[in-house]
Amino acid sequence: MAVIAHNEKEVDLLARLMRAEAEGDGELGMLMVGNVGVNRARVDCMDFTDVRTIEQMVFQRPGGFEATLKGYFYQRARERDKQLARRVLKGERFHPATNGLWFYRPEGDCPAQWYGQWNTGRFKSHCFFAPTQQDCPDVF
């Protein structure tokens, strides 16, 4: 059972986003990016009160994903990428992105906070950040 409603077009969008944002971090890195995306579409807090679908999440402006501004994102999704997207759409979560709503790729170490959100850990090149339960209970 899916944690958010979606159609095949949205599976494709999420798969392309996961690949474009984190292919260099391998499948686990891509799954973590997928967690952040699904979390953004699930919650009703902070920057995501008007985001309810995968398409809205992928193309959110401001605050959306940089990958959607680059050509690589617009290449066809591979079947393996879609399989990974389906896993996170079914609710699989991976630490440190379990409750994450943000990630980025710093030049050096991960900061303790990023725009007031706490660091939950790093996986390869990306640092992940989550709100407190008080600020966004829907993500927990």
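Residues numbered from 1 in each chain as written. Predicted model: local features only at pLDDT ≥ 70, side-chain atom pairs only at ≥ 80, totals over all residues. Heavy atoms only, no water.

1. A look at the pairing of strand E4 (residues 126-130)
- Judged by how many residues are buried, E4 sits mostly within the fold: five of five residues are covered.
- Residues His126, Phe128 and Ala130 line one face of E4 and the alternating positions Cys127 and Phe129 line the opposite face, and both faces are buried.
- Pairing geometry for strand E1 (residues 102-104) and E4, over three bridges, is antiparallel. Residue pairing across strands places Phe103 opposite Phe128, the latter belonging to E4.
- Of the pairings in the sheet, the one linking strand E3 (residues 117-123) to E4 comprises five bridges and is antiparallel in character. Within E4, the position partnered with Arg122 by the bridge is Cys127.
- The hairpin turn running from E3 into E4, its antiparallel successor, is two residues long, and Lys124 in that turn takes a positive phi close to 50°. (Buried < 20%, exposed > 50% of the residue type's maximum accessible area, 1.4 Å probe, protein only. Helix = DSSP H or I, 4+ residues; strand = E, 2+ residues; numbered from the N terminus. Pairing = 2+ DSSP bridges.)

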